[in-house]
Number of protein chains: 2
Amino acid sequence: MSDINVTNNDCQIDEEILFELADLFKVFGDSTRIRIMNLIADNELAVSQIAANLNMEQSTISQQLRVLRQNKLVRIRREGKQIFYALNDDHVKKIIQMGLDHILE
Amino acid sequence: MSDINVTNNDCQIDEEILFELADLFKVFGDSTRIRIMNLIADNELAVSQIAANLNMEQSTISQQLRVLRQNKLVRIRREGKQIFYALNDDHVKKIIQMGLDHILE
DNA sequence: TGAATATATGAACAGGTATTCATATAATAA
DNA sequence: TTATTATATGAATACCTGTTCATATATTCA
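Residues numbered from 1 in each chain as written. Chains lettered and ligands numbered in written order. Predicted model: local features only at pLDDT ≥ 70, side-chain atom pairs only at ≥ 80, totals over all residues. Heavy atoms only, no water.

A.B. asks: Describe in detail the protein's contact with DNA strand C, supporting the description with residues and values.
C.D. replies: Taken together, 25 residues are adjacent to DNA strand C, and T32 and T60 of chain A together with Q58, S62 and Y85 of chain B come closest. When the atoms of DNA strand C within 4 Å of the protein are grouped by moiety, sugar and phosphate amount to 66% of the total. R33 of chain A is positioned with one of its side-chain polar atoms (N or O) 3.0 Å from a phosphate oxygen of DNA strand C. Here a phosphate oxygen of DNA strand C sits 3.2 Å away from a polar atom, N or O, in the side chain of Q64 of chain A. Contributions of two or more residues to the surface near DNA strand C are made by α2 (31-39) and α4 (58-70) of chain A together with α3 (47-54), α4 (58-70) and β3 (82-87) of chain B. For the surface near DNA strand C, the element with the most residues is α4 of chain B, which contributes 6 residues. Per-class residue counts for the surface near DNA strand C are 5 nonpolar, 12 polar and 8 charged. (Near = heavy atom within 4 Å. Polar contact = N/O pair within 3.5 Å; in protein donor to acceptor, adjacent residues only side chain to side chain. Helix = DSSP H or I, 4+ residues; strand = E, 2+ residues; numbered from the N terminus. Nonpolar A, V, L, I, M, F, W, Y, C, P; charged D, E, K, R; others polar.)

A.B. asks: Let's hear about the sheet that holds strand β1 (residues 45-46) of chain B: which residues, and what values?
C.D. replies: By definition, the strands of a sheet pair up through backbone hydrogen bonds, in either a parallel or an antiparallel sense. Residues and elements named next belong to chain B. If you trace the 3 strands from one edge of the open sheet to the other, you get β1-β3-β2, paired in antiparallel fashion. Both edges of this open sheet fall to β1 and β2 (74-79), since each of them pairs with a single strand only. Where β2 and β3 come together, 6 bridges link them in antiparallel fashion. Opposite I76, over in β3, you have Y85 as the bridge partner. (Pairing = 2+ DSSP bridges.)

Below you can see the structure in the form of structure tokens.
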């Protein structure tokens with residue numbers, strides 16, 4: 001009965017989840033991280049290979065890989081001194097694909 | 001034949017597109033904008049209504065709505081002094097849904 | 001026209017974060 | 001063990017951006 005509909009609750013998402021969502025998209029919202037994800041979308045790569053591909057400092061890549069790890073977007077496999085990174089699952093790809101759909105329409 | 005596979009070109013996305021992608025996800029990577037998008041997901045709302053719902057300054061909402069407009073994520077309809085905002089299309093919802101899938105798994 | 005209301009926007013400030021350097025940790029080989 | 005290579009990380013810096021205030025623009029009504 002209020003003049004402004006402040007209690008609209010149709011089918012909307014819990015506030016707390018929305019903050020988590022923003023945090024997730026924040027991870028996708030950095031060009032270095034997106035380029036890393038694209039690079040390891042089809043085959044795993046070691047940290048040094050990623051750095052070489054993107055022509056960036058190894059420490060920069062490691063810092064960003066940590067962010068991706070913390071958000072469960074990548075998985076790792078150790079092989080001797082090297083650590084190989086790959087996308088954690090296919091729906092990381094799906095998120096990227098959805099973004100592409102918007103851009104390329 | 002190089003020791004490091006720098007010329008990997010499987011099925012990957014053009015570099016320039018990747019930067020655009022990051023910029024797009026950057027828009028989703030802010031809690032205020034995500035909350036706005038969630039709010040107008042099912043029905044259009046005027047700026048003042050959005051501000052009231054989120055309990056934030058009108059200018060803050062306007063600034064963020066501009067970002068959403070510039071990225072073609074919302075559409076507007078003028079009705080007298082008020083301007084109603086709605087999500088531009090359903091695949092904005094899909095992007096959000098993909099993010100939810102990742103969080104809620 | 002002028003007053004009232006709704007929205008937009010420029011400028012400034014504060015908080016956050018991506019990058020880099022230097023260094024630490026970890027694994028391998030000799 | 002020591003040397004070498006690969007990766008991780010703490011600290012510092014510089015840049016970016018979300019919010020706010022003040023004000024401008026736009027629409028309606030009297």
